[in-house]
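Examination of the molecular architecture
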Amino acid sequence: MKISVEGKPREMRALWYDAGKVVMIDQRLLPSEFRLVTFTKCSEVAASIKDMTVRGAPAIGVAAAYGMLLATRDGSELEAAGRLLKSTRPTAHDLFYAVDFMLDAARSGRDPEEAARSYADSIVDKCRKIGEYGEPLIKDGANIMTHCNAGALATVDYGTALAPMRAAWNKGRKMFVYVSETRPRLQGMKLTAYELLNEGIPHAIIPDGASGHFMRKGVDAVIVGADRIAANGDFANKIGTYEKAVLAKELGIPFYTAAPISTFDFSIEDGTQIPIEDRSEDEVTMIDGHRIAPQGCRALNPSFDMTPNRYVTGIITEIGIVKPNEVGKVRRMLQ
Ligand code: MRU
């Protein structure tokens, strides 16, 4: 991705591995501060996933793969390292997929550094393919709506939901992107708008509650990411996705989710079985360290919601656009 560092554009990934160190952009500080952080221990990488220094399902998966690599380097017990990483966040399926990938790699005697690097590269490659399959959905002059951040920051590079937009933009197609701010952590406003700004793609940040208003004015497609997709095509994504999907159906607007196959959890039949992370009340009641809510009021903070398959027009993946009722076919194809 293009990122502006001290006013100069630089091409970089959200995280990478370099000579015994995992380096990542501290996503908690963007866009006001750009800072790289470096970790040499698996436990530090696990903490960085938990505190959301790195976030977004595919990027969390890659961080976990690198965490497992650090564990092999210092001779830690790999099953225990895997358990630690898997305990950090419950919803993103890529986390579990990546840990299992690294455990399988170790069992088969594969070089751990080569395995972790190839895992990261394959995620970026899949995102580019998602871009190729998804870009025809964006006609010249289209108005697109997205939610949260499913861009390069969430996926190491290129993005899932943002991939079709990047690809269409790079082909010279004009578009306008409505970016919902994504309370409480504001990944839409802080991260997606930042990525679109760095790419020069026209966009505006809108309050989460304004989605219906702008959809009625004229949105051609809604494209969001996914954190876990069940075998029937139900999926979990950032809180607020479900209501956008319902509104899109009500207004006849195509609604897509975009994700690599590593986000699919074929072991669960439907979305009711997806674990939904509950996060701290403080994320809701406080802004920038200041309490906004009345003292004594409680808050509820589910980080994700589940969108049933009937609201999903298609799932944009690295093997093509799949209808929710075709997920079973994908599973059989991969077996
Ligand atoms: O809590 P986060 O920031 O890790 O949530 C992940 C997300 O950004 C989204 O839900 C996203 O749309 C899917 S991950 C590419």
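Shown above is the structure to which this text applies.
Here we summarise the structure given alongside this text.

How each quantity is defined
- Residues numbered from 1 in each chain as written.
- Predicted model: local features only at pLDDT ≥ 70, side-chain atom pairs only at ≥ 80, totals over all residues.
- Heavy atoms only, no water.
- Axes fitted to C-alpha atoms, helices over the stretch in contact; angles between N-to-C directions.
- Helix = DSSP H or I, 4+ residues; strand = E, 2+ residues; numbered from the N terminus.
- Parallel < 35°, antiparallel > 145°, perpendicular 65-115°, else oblique.
- Left-handed = near helix turned anticlockwise from the far one by under 90°.
- Contact = heavy atoms within 4.5 Å.
- Nonpolar A, V, L, I, M, F, W, Y, C, P; charged D, E, K, R; others polar.
- 1 Å grid on protein atoms, 1.4 Å probe; cavity = no way out; pocket = protein on both sides within 12 Å on 5 of 7 lines; lining within 4 Å.
- Points joined across faces, edges and corners; volume = space filled by probe spheres on them.
- Pairing = 2+ DSSP bridges.
- Near = heavy atom within 4 Å.
- Polar contact = N/O pair within 3.5 Å; in protein donor to acceptor, adjacent residues only side chain to side chain.
- Areas by Shrake-Rupley, 256 points an atom, 1.4 Å probe, with all protein chains shown as cover.
- Buried < 20%, exposed > 50% of the residue type's maximum accessible area, 1.4 Å probe, protein only.

This part takes up the packing of helix α2 (residues 57–73) against helix α4 (residues 93–107). Working note: a packed helix pair is described by the angle between its axes plus the distance between those axes. Where α2 contacts α4, the two axes come as close as 7 Å, and the packing angle between them is 30°. Taken together, α2 and α4 sit at an angle that is classed as roughly parallel. In the packing of α2 onto α4, the handedness of the crossing is right-handed. On the side of α2, the interface is formed by A57, P58, I60, G61, A64, A65, M68 and L69, while α4 contributes D94, L95, A98, V99, M102 and L103. Taken together, the residues that form the contact of α2 with α4 break down as 12 nonpolar, 1 polar and 1 charged.

Attention now goes to the layout of surface pockets. Size it by volume and the largest pocket reaches roughly 490 Å³. Along its surface, the largest pocket is lined by 19 residues, and R28, P184, R185, K190 and D288 are the ones closest to its centre. When contributions to the lining of the largest pocket are tallied by element, the ones reaching two or more residues are α8 (187–199), α11 (282–285) and β14 (286–287). The greatest single-element share of the lining of the largest pocket, amounting to 3 residues, is contributed by α8. Tallied by class, residues from the lining of the largest pocket come to 7 nonpolar, 3 polar and 9 charged.

Our next topic: the sheet that holds strand β17 (residues 314–317). Spatial ordering of the open sheet is given by β8-β7-β6-β9-β12-β17-β18, a layout of 7 strands whose pairing is mixed. Sheet topology places β8 (203–206) and β18 (320–322) at the edges, where each strand pairs with a single neighbour. Looking at each pair of strands side by side, their axes are set apart by 25° on average, direction ignored. Its contacts with the sheet put helix α5 (residues 112–134) on β12 (255–258), β17 and β18, and the angle it makes with β17 is roughly 135°.

This part covers the sheet that holds strand β3 (residues 15–18). Spatially, 3 strands are ordered β3-β4-β5 in an open sheet, and the strand pairing comes out antiparallel. For this open sheet the edge positions go to β3 and β5 (36–39), each flanked by a neighbour on one side alone. Neighbour to neighbour, the strand axes of the sheet diverge by 25° on average, direction disregarded.

What follows deals with the site of the ligand. For the ligand, the set of nearby residues contains 18 residues, the closest of which are R55, R89, D227, N237 and K238. R89 places a side-chain nitrogen or oxygen 2.8 Å from an oxygen atom of the ligand. Here an oxygen atom of the ligand sits 2.9 Å away from a polar atom, N or O, in the main chain of N149. Out of a free accessible area of 410 Å², the ligand has 99% covered by protein chains. Considering only residue class, the shell around the ligand consists of 8 nonpolar, 6 polar and 4 charged.

Another aspect to go through is the pairing of β12. Neither face of β12 is left uncovered, since the one carrying F255 and T257 and the one carrying Y256 and A258 both have all their residues buried. The pairing of strand β9 (residues 221–224) with β12 spans 3 bridges and is classified as parallel. Considered in β12, the bridge of V222 is made with F255. Taken together, the 3 bridges between β12 and β17 define a ladder with parallel strand orientation. Considered in β17, the bridge of Y256 is made with G314.

Read these as spatial facts, not as claims about activity.
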